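A look at the structure
Here are the chains, one letter per residue:
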Amino acid sequence: MVFLGIITAPRGTADILPADARRWHELEEAARAVFDAYGYGEIRTPIFEHTELFQRGIGEATDVVDKEMYTFMDRGDRSLTLRPEGTAGVVRAVLEHNMDKGALPVKLYYMGPMFRYERPQAGRARQFHQVGAECLGTMDPAADAEMIRMPATLLKRVGVTNFEVLINSIGCPRCRPAYVERLRAHLADRREQLCASCRERYDRNPLRLLDCKRESCRRLTEDVPQLVDSLCDGCASHFQQVRAYLDDFGLPYRLAPRLVRGLDYYTKTVFELVSSDLGAQDALGGGGRYDGLVETLGGPPMPGVGFAAGMERILLVMAKYRPAPAPKPVDAMIAHHGAAGRRIAVRLAGEWRDAGLRVEIDYMDRSLRAQMKQADRLGARLVVIIGEDEASRGVVRVRDMATGEEREMRAEEVFQSLMQKGG
RNA sequence: GUGGGUGUAGCUCAGCUGGUCAGAGCGCCAGGUUGUGGCCCUGGAGGUCGUGGGUUCAAGUCCCAUCACUCACCCCA
């Protein structure tokens, strides 16, 4: 396929062609409607940031920062990184524009491309898109509950109902260290039996031991103490309240004691929305509370909670349940023949388009027959025919494509009737 | 980074055990209708059989390498 010349899109990236773009629009519109209802405003942050933002925000020990970032030096010797997630950039912008000093909470949403250097597979790409929201400045468990409800609502809006909500609480800096020590102590004597990556996790990031998929590790950690049983009073109470709100919403969820998430900034509530319609990468979205992140990024102590969902993944599931939206039918195809006819056709097309009509015209010097075929393909409601004869007599011939009826009219009359029907 | 699968026209794919295997359907273009759509009929354009080596008298068809796609591990959205 590729020999001399043609260059393909880089690995893990994809073009979104018009037929797919229509699906994207559906999702984007649904998302904006949901965020709007919840009072979230859109924020658009840069696609690249200082590398340090992610190192500090996401955490050096995470896989994302450790081995998945697209990092490069620019011509001014700055280390920059294509954003691997959205939260760090949003928090940075909030601080940079002093939004933390205004009315709280700050409620923002975003959607756009993210970049992670990984091996592509079903539902995973190097450039992918996330839609997400952040709520900064409140500890209210209702904010956590809403942050779970928003993506759930969005999914339902676009016809995705086959998903499950998983939630857990991973505690806070007051109670988590103690738990981690209990966990280590519990596993100390069987440490050597863990898989290689779990042996490393034991030192670096013990919480991740909990979600190893390996059967052998599962067995070894089966009787390990549960995080939820080790929460401090504050975290336990917070988690209870979040669950109560979810119950009030009538939003079913499953407690997932081993759900921990791969980014360092999470505290208390963490959650994922997973679907069996996806492949091995089964998360449609996820998120949680991050009460230490703002401070980590140089701001004041300020709690926050957010979620992010993978747009391609949602689209993948959407496609299973919904037909692709058809392109909008054109209002009129202006078919022409001869030099005089073409001049009039081009002028009319321009004028009608200015008025908001969808008008097509032939540029290939095709026969009337071919132009009719084209009109049919485009779903044109009517075809306006302007040949030598019509041109010289100052009229146009109008064919109704549904009924096949045809008659002569003045161009202005056709325009008026199109405008009436179009509303 | 590690493993498995796949790679033939724009698209979906046939091509068995190496020797008319370079094909079909759809799509596209044109004609049947010297100014008229959807159906139908006819014709046409379009392919270094991913790429590079090798084995062989002969290779889409076997071997090796490489690239790409894909699925899984890992990790997550």
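Okay, the overall build of chain A next. Scanning chain A from terminus to terminus reveals 15 helices and 16 strands. Compactness check: chain A gives a C-alpha radius of gyration of 28 Å against a globular reference of 22 Å for 423 residues, more than 25% above the reference. Expressed as lengths along the three principal axes of its C-alpha atoms, the size of chain A is roughly 95 × 55 × 45 Å. When each of the 423 residues of chain A is scored for burial, the buried share is 48%. Counted over contacts in chain A with a minimum sequence separation of 6, partners at least 24 positions apart contribute 69%.

Moving on to the environment of Asp362. Its place among the elements puts Asp362 in the loop between strand 13 (359–361) and helix 13 (368–377). A relative accessible area of 9% places Asp362 in the buried class. A sequence separation of 298 residues divides Asp362 from Val64, and the C-alpha atoms of the two residues are 51 Å apart. With near-sequence residues (within four places) excluded, Asp362 lies in contact with Met333, Ile334, His336 and Gln371. There is a polar contact of 3.2 Å between the side chain of Asp362 and the backbone nitrogen of Met364.

This brings us to the domain arrangement of chain A. By domain assignment, chain A separates into domain 1 (18–175 + 231–321) and domain 2 (332–422). Here domain 1 and domain 2 have C-alpha centroids that lie 50 Å from each other.

Looking now at the sheet that holds strand 11 (residues 304–310). What links the strands of a sheet is backbone hydrogen bonding, and the strands pair in either a parallel or an antiparallel sense. The mixed open sheet is built from eight strands, whose spatial order is 1-5-6-11-10-9-7-8. Across the chains shown, the open sheet's two edge strands, defined by having one partner strand only, are strand 1 (41–42) and strand 8 (254–255).

Another point: unusual backbone geometry. For the bond running from Leu104 to Pro105, omega is 0 degrees, close enough to zero to count as cis. You will see that Asn98, though not glycine, has its phi angle at about 55 degrees, which is positive. Residue placement: Asn98 occurs in the loop between helix 4 (87–96) and strand 5 (106–115). Exposure remark for Asn98: the relative accessible area of 43% places this residue in the partly exposed category. One non-glycine residue, Asp365, lies in the positive phi region at around 55 degrees. Along the chain, Asp365 turns up in the loop between strand 13 and helix 13.

Val91, Leu136 and Leu210 are the most contacted members of the largest nonpolar core, which has 51 residues in total. Counting residues per element, this core draws most heavily on helix 4, at six residues. Not counting chain neighbours up to four residues away, the residues in contact with Leu136 comprise Val91, Val94, Leu104, Pro105, Val106, Tyr290, Val294, Met302, Pro303 and Gly304. If you look at the next biggest cluster of nonpolar residues, it comprises 42 residues, including Ala145, Met150, Val160 and Val317.

Take the packing of aromatic side chains next. As enumerated under the stated definition, the model contains eight aromatic pairs in all. Relative to Tyr117, the ring of Tyr70 has its centre 5.6 Å away and its plane inclined at 70 degrees; by these criteria the two rings are edge-to-face. Here the residue Tyr70 occupies a position in strand 3 (residues 70–73), and Tyr117 occupies one in the loop between strand 5 and strand 6 (127–136), the gap between them amounting to 47 residues. Residue classification places Tyr70 among the partly exposed residues on the basis of a relative accessible area of 26%. What makes Tyr117 partly exposed here is its relative accessible area of 44%. Among the aromatic residues, ring-to-ring pairing joins Phe35, Tyr40, Tyr109 and Phe307 into one connected group. For Arg126, the ring lying beneath its charged end belongs to Tyr117, and the centroid distance is 3.9 Å. In this structure, Arg243 is placed above the aromatic ring of Phe239, and the distance from its NZ or CZ to the ring centre is 5.7 Å.

About the cut-offs
- Residues numbered from 1 in each chain as written.
- Chains lettered and ligands numbered in written order.
- Predicted model: local features only at pLDDT ≥ 70, side-chain atom pairs only at ≥ 80, totals over all residues.
- Heavy atoms only, no water.
- Helix = DSSP H or I, 4+ residues; strand = E, 2+ residues; numbered from the N terminus.
- Rg over C-alpha atoms; globule rule 2.2 N^0.38 Å.
- Buried < 20%, exposed > 50% of the residue type's maximum accessible area, 1.4 Å probe, protein only.
- Contact = heavy atoms within 4.5 Å.
- Polar contact = N/O pair within 3.5 Å; in protein donor to acceptor, adjacent residues only side chain to side chain.
- Domains from an automatic or database assignment.
- Pairing = 2+ DSSP bridges.
- Core = buried A, V, L, I, M, F, W, Y, C linked by side-chain atoms within 4.5 Å.
- Phe/Tyr/Trp six-rings, centres within 6.5 Å; stacked < 30°, edge-to-face > 60°.
- Lys NZ or Arg CZ within 6 Å of the ring centre and 35° of its normal.

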